[in-house]
Amino acid sequence: MTIKQFNATYLANDDRLLFRFNTSEDTEFRFWFTRRVTLFILAATSHLLVKNLEQSHTPEAAKAIAQFGEEAIKKEREQREAVKPETYQPASSYPLGADPVLVMDVKCAFEKQEGEDILSLDLVLPGGANINLKMAGPTLQAMCLLLNQLREHAAWGEVPQVQDVSVGAGDTHAPGKPLVH
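Bear in mind that the values here come from a model prediction, so they are computed numbers and not experimental data.

Rules behind the numbers
Residues numbered from 1 in each chain as written. Predicted model: local features only at pLDDT ≥ 70, side-chain atom pairs only at ≥ 80, totals over all residues. Heavy atoms only, no water. Phe/Tyr/Trp six-rings, centres within 6.5 Å; stacked < 30°, edge-to-face > 60°. Buried < 20%, exposed > 50% of the residue type's maximum accessible area, 1.4 Å probe, protein only. Core = buried A, V, L, I, M, F, W, Y, C linked by side-chain atoms within 4.5 Å. Helix = DSSP H or I, 4+ residues; strand = E, 2+ residues; numbered from the N terminus. Contact = heavy atoms within 4.5 Å. Pairing = 2+ DSSP bridges. Axes fitted to C-alpha atoms, helices over the stretch in contact; angles between N-to-C directions. Salt bridge = Lys/Arg side-chain N within 4 Å of Asp/Glu carboxyl O. Polar contact = N/O pair within 3.5 Å; in protein donor to acceptor, adjacent residues only side chain to side chain.

**Q** Would you mind showing me how to read the packing of aromatic side chains here?
**A** What characterises a pair of aromatic rings is the spacing of the ring centres plus the angle enclosed by the ring planes. This structure, assessed with the given rule, holds six aromatic pairs. Aromatic pair Phe21 and Phe29: ring centres 5.2 Å apart, planes at 20 degrees, arrangement stacked. Each member of the pair, Phe21 together with Phe29, is buried. With a centroid separation of 6.3 Å and 25 degrees between ring planes, the pair formed by Phe21 and Phe31 is classed as stacked.

So, in structure tokens, the structure goes:
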């Protein structure tokens, strides 16, 4: 499943985002993102991106590179929208149904796929099911840019900072790898 377009709308009466995306396979997925879920996605992806860059750069350089990438995506999008605004293209197939599904929780981590760093984003749905999205840099940054713009519009406050979790003797996750959930 390759993501083609993202679209999101803030609904003030529900204080939620209607987040949807379509794929190159002509399918569309629709979700409700709460304030908590949206802020978590923004905080976790930003944190994981910087931590991933710190593997080959100093912490200061990693933050600068992440910020530069974010600004570049923002500028590119503004230029593209000024020339030709992109209209969201609804798909003909809705594997989860046409009604949005509430996202209960989110889990994310970076993984290597064919030598490229990919963010694996699990959207946890009611009943324990989940949808896994795998996004490379530009797609991830475009999604975060959209969510951040809507966060500002909704006046949901600043994105919280994620703290590294220290690894104790009883922890089962890999040492040196940030745990974000």
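Continuing now.
**Q** Mind showing me how you'd approach the nonpolar core here?
**A** The nonpolar side chains of a soluble globular protein tend to be buried with one another. Judged by nonpolar contacts, the single largest core of 36 residues is most densely connected at Phe19, Phe31, Phe33, Leu121, Met135 and Met143. Residue assignment for this core shows that the elements contributing at least two residues are strand S1 (3–11), strand S2 (16–23), strand S3 (28–33), helix H1 (35–53), strand S5 (105–113), strand S6 (116–124), strand S7 (130–135) and helix H3 (137–154). Of the residues forming this core, the biggest block, seven residues, is contributed by H3. Excluding residues within four positions of it along the chain, Phe33 makes contact with Arg16, Leu17, Phe19, Thr38, Ile41, Val103, Leu123, Leu147 and Trp156.

**Q** Please explain the sheet that holds S7 as it appears in this structure.
**A** As summarised here, the arrangement of the three strands in space is S5-S6-S7, forming an open sheet in which the pairing is antiparallel. Every interior strand has two partners, whereas the edge strands, S5 and S7, have only one. Within the sheet, the average angular offset between the axes of one strand and its neighbour, ignoring direction, is 20 degrees. The pairing of S5 with S6 spans nine bridges and is antiparallel. Its bridge partner lying in S6, Phe110 is registered against Leu119.

**Q** Could you clarify how one ought to interpret the pattern of salt bridges in this entry?
**A** Close approach of charged atoms allows side chains with opposite charge to pair. Applying the stated criterion across every chain, the model contains seven salt bridges. The shortest N-O distance in the salt bridge between Glu28 and Arg30 comes to 2.6 Å. The same class applies to Glu28 as to Arg30, namely buried. For the salt bridge of Glu152 with Arg151, the shortest nitrogen-to-oxygen distance reads 3.5 Å. A single salt-bridge network, built from bridges that share partners, covers Arg20, Glu28 and Arg30.

**Q** Would you mind showing me how to read the side chain of Arg30 here?
**A** The residue Arg30 is located in strand S3 in this model. If we skip the residues at most four places from it in the chain, Arg30 touches Phe19, Arg20, Tyr94, Ala98, Asp99, Pro100 and Val101.

**Q** I tried to follow the environment of Ser120 on my own but got confused; where do I start?
**A** In this fold, Ser120 is placed in strand S6. With 16 residues separating them along the chain, Ser120 and Ala136 place their C-alpha atoms 9.1 Å apart. Not counting chain neighbours up to four residues away, the residues in contact with Ser120 comprise Lys107, Cys108, Ala109, Glu111, Asn132, Leu133 and Lys134. A polar side-chain atom of Ser120 sits 2.7 Å from a polar atom in the side chain of Asn132.

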